[in-house]
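The primary structure of each chain is shown beneath.
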Amino acid sequence: VAFGALYSARAVVFFPGVVADVKNNKTINFFFGPCIVWSNLIAAAPSYLFNRPTAEAMAYVLVFYQTAASAYLYGNWIFASKKHILRIDAAYNMAVVCYFVLAALCGGLGLVEAAEFTFFVGGFFWLLMLITLFQRVHINHTQLGTRPQPTLWLCVAPPAVAAIAWWKILENFEAILPNPFTVPSLSLFFLFLDYFLFILLLRLVRVYFSLSFNISFWAYIFPMCNLSTASLLLYHFSGKKKVWKVVAVFFSCLALALFAYVFAMTVWSLGTRALPKDPAALKLYNSKAAAANRGAGAAGERSGDEDEEA
């Protein structure tokens, strides 16, 4: 909510910056963040803040927002002249995650059709995005010589959220989920695939340790928190087997440790002003300031000429 207020203030102060974010193939993906946040707030809020009709209405509003925003994003993949799909980034996982988070919210509210719509549409684009991303990662790291960035860990988030969402959807079908210890196969598919993606990305741990801290390190937190939550659900629905208890505790501790480290480093970096500045991000503001200065200078010159004529 606070970040939403800050970004709204940014839109008022400097609207061209928002337009530039929408046109950028990476920053456009973070416009799905508010949808993720509001979905979690509605799901976790007490009933006296969001009663059932209000929560359902807001869920449909979020589904409409997600559909419209993703139609614009994926439309750029297919129809844009700049060929955004050739410059796909791990940040594209944000849009897919939003679909699965909405599926979990709608499933929890009993909106089965909306939950299935968001789940299956999100699943289709997740599969397409994952295959494309894996191909582009190889090209970027071999031909272009770029180094893996923390945002690559966003690949861990969609399968974990999908596993949680499918559990939520099946809660409305007692015939499919007859007892609390039945593990849906589709949830296991997403979760076990997520475990493999985690193991696969461990190969890059040495590279990540060599990176200096920056704000993109927060990309570790959201995926790991969802993976730990899905692991806890697996432990619960599997009859509380010891092996899944160990897995759930491991990922929970890892998520907490990563959060503590990134939070502490962020506070220290802000206090010492050690966070690196992004010249590309500041370019828009510098150009606005230069334009304002030119306008002020021209106004001053006109004022001086008028004084001389008087």
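In this text the structure is predicted, and so the values were computed from the model without any measurement. (Residues numbered from 1 in each chain as written. Predicted model: local features only at pLDDT ≥ 70, side-chain atom pairs only at ≥ 80, totals over all residues. Heavy atoms only, no water.)

1. Notes on the overall build of the chain
Moving on, step 1. In terms of regular secondary structure, the chain is built from 12 helices and 0 strands.
Moving on, step 2. Counting all 310 residues of the chain, 39% fall into the buried class.
Moving on, step 3. Contacts in the chain between residues at least 24 apart in sequence constitute 76% of all its contacts with a sequence separation of at least 6.
Moving on, step 4. Carbon and sulfur atoms make up 69% of the accessible area of the chain, which totals about 17,600 Å². (Helix = DSSP H or I, 4+ residues; strand = E, 2+ residues; numbered from the N terminus. Buried < 20%, exposed > 50% of the residue type's maximum accessible area, 1.4 Å probe, protein only. Contact = heavy atoms within 4.5 Å. Areas by Shrake-Rupley, 256 points an atom, 1.4 Å probe, with all protein chains shown as cover.)

2. A word on the nonpolar core
Moving on, step 1. Counting residues in hydrophobic clusters, the biggest one holds 75 residues, and the most contacted among them are Leu73, Tyr74, Phe119, Trp153, Leu191 and Leu227.
Moving on, step 2. When contributions to this core are tallied by element, the ones reaching two or more residues are α3 (33-44), α4 (52-79), α5 (93-109), α6 (112-142), α7 (157-170), α8 (185-201), α10 (221-237) and α11 (242-272).
Moving on, step 3. If you tally residues by element for this core, the top one is α5, at 14 residues.
Moving on, step 4. Not counting the four nearest positions on each side in its chain, leucine 191 is found in contact with Ala163, Trp167, Leu227, Ala230 and Leu234. (Core = buried A, V, L, I, M, F, W, Y, C linked by side-chain atoms within 4.5 Å.)

3. Some remarks on the pattern of salt bridges
Moving on, step 1. Taken as a whole and judged by the stated rule, the model has 1 salt bridge.
Moving on, step 2. Two residues, glutamate 56 and arginine 52, come together in a salt bridge whose shortest N-O distance is 3.0 Å. In this pair, glutamate 56 and arginine 52 both sit in helix α4, 4 residues apart, roughly one turn of the helix.
Moving on, step 3. Classification of glutamate 56 as partly exposed rests on a relative accessible area of 24%. (Salt bridge = Lys/Arg side-chain N within 4 Å of Asp/Glu carboxyl O.)

4. A closer look at the environment of phenylalanine 222
Moving on, step 1. As for its placement among the helices and strands, phenylalanine 222 is situated in helix α10.
Moving on, step 2. Residue classification places phenylalanine 222 among the partly exposed residues on the basis of a relative accessible area of 26%.
Moving on, step 3. Measuring from C-alpha to C-alpha, the distance between phenylalanine 222 and phenylalanine 259 comes to 9.2 Å, with 37 residues separating the pair along the chain.
Moving on, step 4. Contacts of phenylalanine 222, omitting those with residues within four sequence positions, involve Ile36, Val97 and Ala157.

5. Focus on the packing of α3 against α5
Moving on, step 1. The geometry of α3 relative to α5 is characterised by a closest axis approach of 9 Å and an angle of 20° between their N-to-C directions. With respect to α5, the element α3 is oriented roughly parallel. Crossing angle aside, the handedness with which α3 passes α5 is left-handed. Within the contact between the two elements, α3 uses Gly33, Cys35, Ile36, Ser39, Asn40, Ile42 and Ala43 and α5 uses Met94, Val97, Cys98, Val101, Leu102 and Leu105.
Moving on, step 2. Of the residues assigned to the contact of α3 with α5, the class counts are 10 nonpolar, 3 polar and no charged. (Axes fitted to C-alpha atoms, helices over the stretch in contact; angles between N-to-C directions. Parallel < 35°, antiparallel > 145°, perpendicular 65-115°, else oblique. Left-handed = near helix turned anticlockwise from the far one by under 90°. Nonpolar A, V, L, I, M, F, W, Y, C, P; charged D, E, K, R; others polar.)

6. Structural notes on α11
Moving on, step 1. For α11, spanning 31 residues, the distance from its first C-alpha to its last is 45 Å, which sits close to the expected 45 Å at 1.5 Å a residue.
Moving on, step 2. For α11, the set of buried residues is Ala248, Phe251, Ser252, Ala255, Val262, Thr266 and Ser269.
Moving on, step 3. Packing partners of the buried residues in α11 comprise α8 and α10.
Moving on, step 4. Taken from the residues just after α11, arginine 273 is the one with a positive phi, measuring 55°. (Expected span 1.5 Å × (residues − 1).)

7. As for the environment of asparagine 25
Moving on, step 1. Secondary-structure assignment places asparagine 25 in the loop between α2 (15-23) and α3.
Moving on, step 2. In this structure the C-alpha to C-alpha distance between asparagine 25 and leucine 73, which are 48 residues apart in sequence, comes to 8.3 Å.

8. What about the packing of aromatic side chains?
Moving on, step 1. Tallying each qualifying case throughout the model produces 23 aromatic pairs.
Moving on, step 2. Their ring planes at 35° and their centres at 4.9 Å tell us that phenylalanine 119 and tryptophan 166 sit as a pair that is tilted. Taken as a pair, phenylalanine 119 in helix α6 and tryptophan 166 in helix α7 lie far apart in primary sequence, 47 residues in all. Of the two residues, phenylalanine 119 and tryptophan 166, neither departs from the other in class, the shared state being buried.
Moving on, step 3. Grouped by ring-pair contacts, the aromatic residues Trp153, Phe192, Tyr195, Phe198, Phe213, Phe217, Tyr220, Trp244, Phe250, Phe251 and Tyr261 constitute a single cluster. (Phe/Tyr/Trp six-rings, centres within 6.5 Å; stacked < 30°, edge-to-face > 60°.)

9. Brief notes about the confidence of the model for the chain
Moving on, step 1. Residues of the chain with pLDDT of at least 70 account for 75%, and the chain-wide mean is 77.
Moving on, step 2. Mean pLDDT across the secondary structure elements of the chain bottoms out at helix α12 (residues 279-309), with 49, and peaks at α11, with 89.
Moving on, step 3. Counting contacts from residues 292-304, a segment whose pLDDT is below 50, to residues more than four positions away or on other chains yields 0 contacts.
Moving on, step 4. Here residues 306-310 scores under 50 on pLDDT; set against residues more than four positions off or in separate chains, the count is 0 contacts. (pLDDT = per-residue confidence, 0-100.)

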